[in-house]
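Fold and geometry: a report
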Amino acid sequence: MTRRLAEVAKKVGVSEATVSRVLNGKAGVSEATREAVLTALDVLGYERPTQLRGERGRLVGLVLPELQNPIFPAFAEVVGGALAQQGFTSVLCTRTVGGVSEADYVDLLLQQHVSGMVFAGGSYAQADASHGHYRRVLERKLPAVLVNAAVDHLGFPQVSCDDVAAARIALAHLTALGHRRVAMLLGPPDHVPSRRKLAAFRAHAAEAGLELGADHVEHTMFSLEGGHAAAARMVARGVTGIVCASDVLALGAIRAARRAGLSVPGDVSVIGYDDSALMSCVDPPLTTVRQPIDAMGRAAVELLVAQIDAAVVPGDELLFEPELVVRASTAPVRSR
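The structure reproduced in this document is the subject of the present report. Because the structure is predicted, anything quoted here is derived from the model rather than measured. (Residues numbered from 1 in each chain as written. Predicted model: local features only at pLDDT ≥ 70, side-chain atom pairs only at ≥ 80, totals over all residues. Heavy atoms only, no water.)

1. Structural notes on the packing of helix α9 (residues 224-236) against helix α10 (residues 247-259)
- Interaxial distance between α9 and α10 falls to 7 Å at its minimum, and their mutual angle equals 50 degrees. On the basis of the axis angle, α9 is oblique to α10. Where α9 crosses over α10, the two elements pack in a sense that is right-handed. Between α9 and α10, the contacting residues are Leu224, Glu225, Gly226, Gly227, His228, Ala231, Ala232 and Val235 on the first element and Val248, Leu249, Leu251, Gly252, Ala253, Arg255, Ala256, Ala257 and Arg259 on the second.
- Tallied by class, residues from the contact of α9 with α10 come to ten nonpolar, four polar and three charged. (Axes fitted to C-alpha atoms, helices over the stretch in contact; angles between N-to-C directions. Helix = DSSP H or I, 4+ residues; strand = E, 2+ residues; numbered from the N terminus. Parallel < 35°, antiparallel > 145°, perpendicular 65-115°, else oblique. Left-handed = near helix turned anticlockwise from the far one by under 90°. Contact = heavy atoms within 4.5 Å. Nonpolar A, V, L, I, M, F, W, Y, C, P; charged D, E, K, R; others polar.)

2. Topic: the environment of leucine 92
- Positionally, leucine 92 belongs in strand β2 (residues 89-94).
- For leucine 92, a relative accessible area of 44% gives the class partly exposed.
- Expressed as a C-alpha distance, the spacing of leucine 92 and valine 118, which sit 26 residues apart in the sequence, is 9.9 Å. (Buried < 20%, exposed > 50% of the residue type's maximum accessible area, 1.4 Å probe, protein only.)

3. Digging into the nonpolar core
- Grouped together as the largest cluster of nonpolar side chains are 90 residues, with contacts concentrated most on Phe75, Met117, Phe119, Tyr124, Leu185, Ile242 and Val270.
- Setting aside residues up to four positions removed in sequence, leucine 185 forms contacts with Glu218, Thr220, Gly227, Ala230, Ala231, Met234, Ile242, Val243, Cys244, Ala245, Leu249 and Ala253. (Core = buried A, V, L, I, M, F, W, Y, C linked by side-chain atoms within 4.5 Å.)

4. Here we look at the pairing of strand β1 (residues 59-64)
- Most of β1 sits out of view: five of its six residues are buried.
- Judged from the six bridges that link them, β1 and β2 form a sheet pairing that is parallel. Bridge pairing links leucine 59 to threonine 89 in β2.
- Chirality of the crossover, the property in question, places the unit of β1, helix α4 (residues 71-85) and β2 among those that are right-handed.
- When β1 meets strand β3 (residues 116-120), the two strands line up parallel, connected through four bridges. Within β3, the residue paired with valine 60 across the bridge is glycine 116. (Pairing = 2+ DSSP bridges. Right-handed = clockwise from strand over helix to strand, strands pointing away.)

5. Focus: the pattern of salt bridges
- Counting across every chain of the model gives 14 salt bridges.
- Glutamate 317 is the partner of arginine 196 in a salt bridge, and the nearest nitrogen-oxygen pair spans 2.9 Å. Of this pair, arginine 196 sits in helix α8 (residues 192-207) while glutamate 317 sits in strand β11 (residues 317-320); the two residues are 121 residues apart in sequence, bridging distant segments of the chain.
- A relative accessible area of 25% means that glutamate 317 is categorised as partly exposed.
- Notably, a salt bridge pairs glutamate 218 with arginine 237, separated by 2.8 Å at the nearest N-O pair. Of this pair, glutamate 218 sits in strand β7 (residues 217-219) while arginine 237 is found in the loop between α9 and β8 (241-244), placing the two residues 19 residues apart along the sequence.
- A cluster of three or more residues bridged by salt bridges with shared partners is formed by Asp275, Arg290, Glu323 and Arg327. (Salt bridge = Lys/Arg side-chain N within 4 Å of Asp/Glu carboxyl O.)

What follows is the structure, encoded as structure tokens:
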């Protein structure tokens, strides 16, 4: 602390006592001197005191993986609106392939001295990814919230949709329709929400007396093309029902079934996950498991603002219940 005071005082050309008054929010310092001290802190790489974060534009970083999947713009709208109601402005950061990474965005946001960060769909959900940038956030004691399941060792507050319940209600729906040859289409093998869904899927399949071998599970990237390629292999194996880990994967599965000359839901029933925008307008309208995005987004903001206000927020996971939305992409099984 003494070294910091000395370095900042030298940089600005004021006494250490003046720097101390600024850092402790004391009166008796001109606005110009106060701003000069805070700028010097930034230039020298020191973190501003927590009580001064709210004076940095009240910015909150919202870090998303993409905007092509409609679930993420929907989440950004909820979080941005809830932050605005609390007097904060969201800074939207979306990763690009071969471009700005999540870690780069974290460094940029730290340089801008944001009041906090909300992450959704980030590398915290991938067990094999690098997590060093999250540790930098923790070291700075910067308020942050993660949306949906994360690796175990990070320690941030989390707001998640219950993956176990999601997998169970999707499989229960298909078995109630008489499907016995059911498969699951998931994200990458190290994706934590996909791992949770798979564990629940296997457990429920065993309870229902279904055989679930390795050829009944496919992992792929979260994209229409990835869903198409993986589902094509499933369709070739004769499955009659596919549970997908996202609506985008489900749309790829429907395309794969049709390219194979099959109908959905006549020959293959498909269930998505998210209930993102326009899923009621596709052909056929998609049966899916809805994430309660509005409730989750508002809860994430409440947790973040509580941290900014210096409240003690445990690094626990709040689980929100999903809902099955039955539309026209699922139907009773029929023999081929």
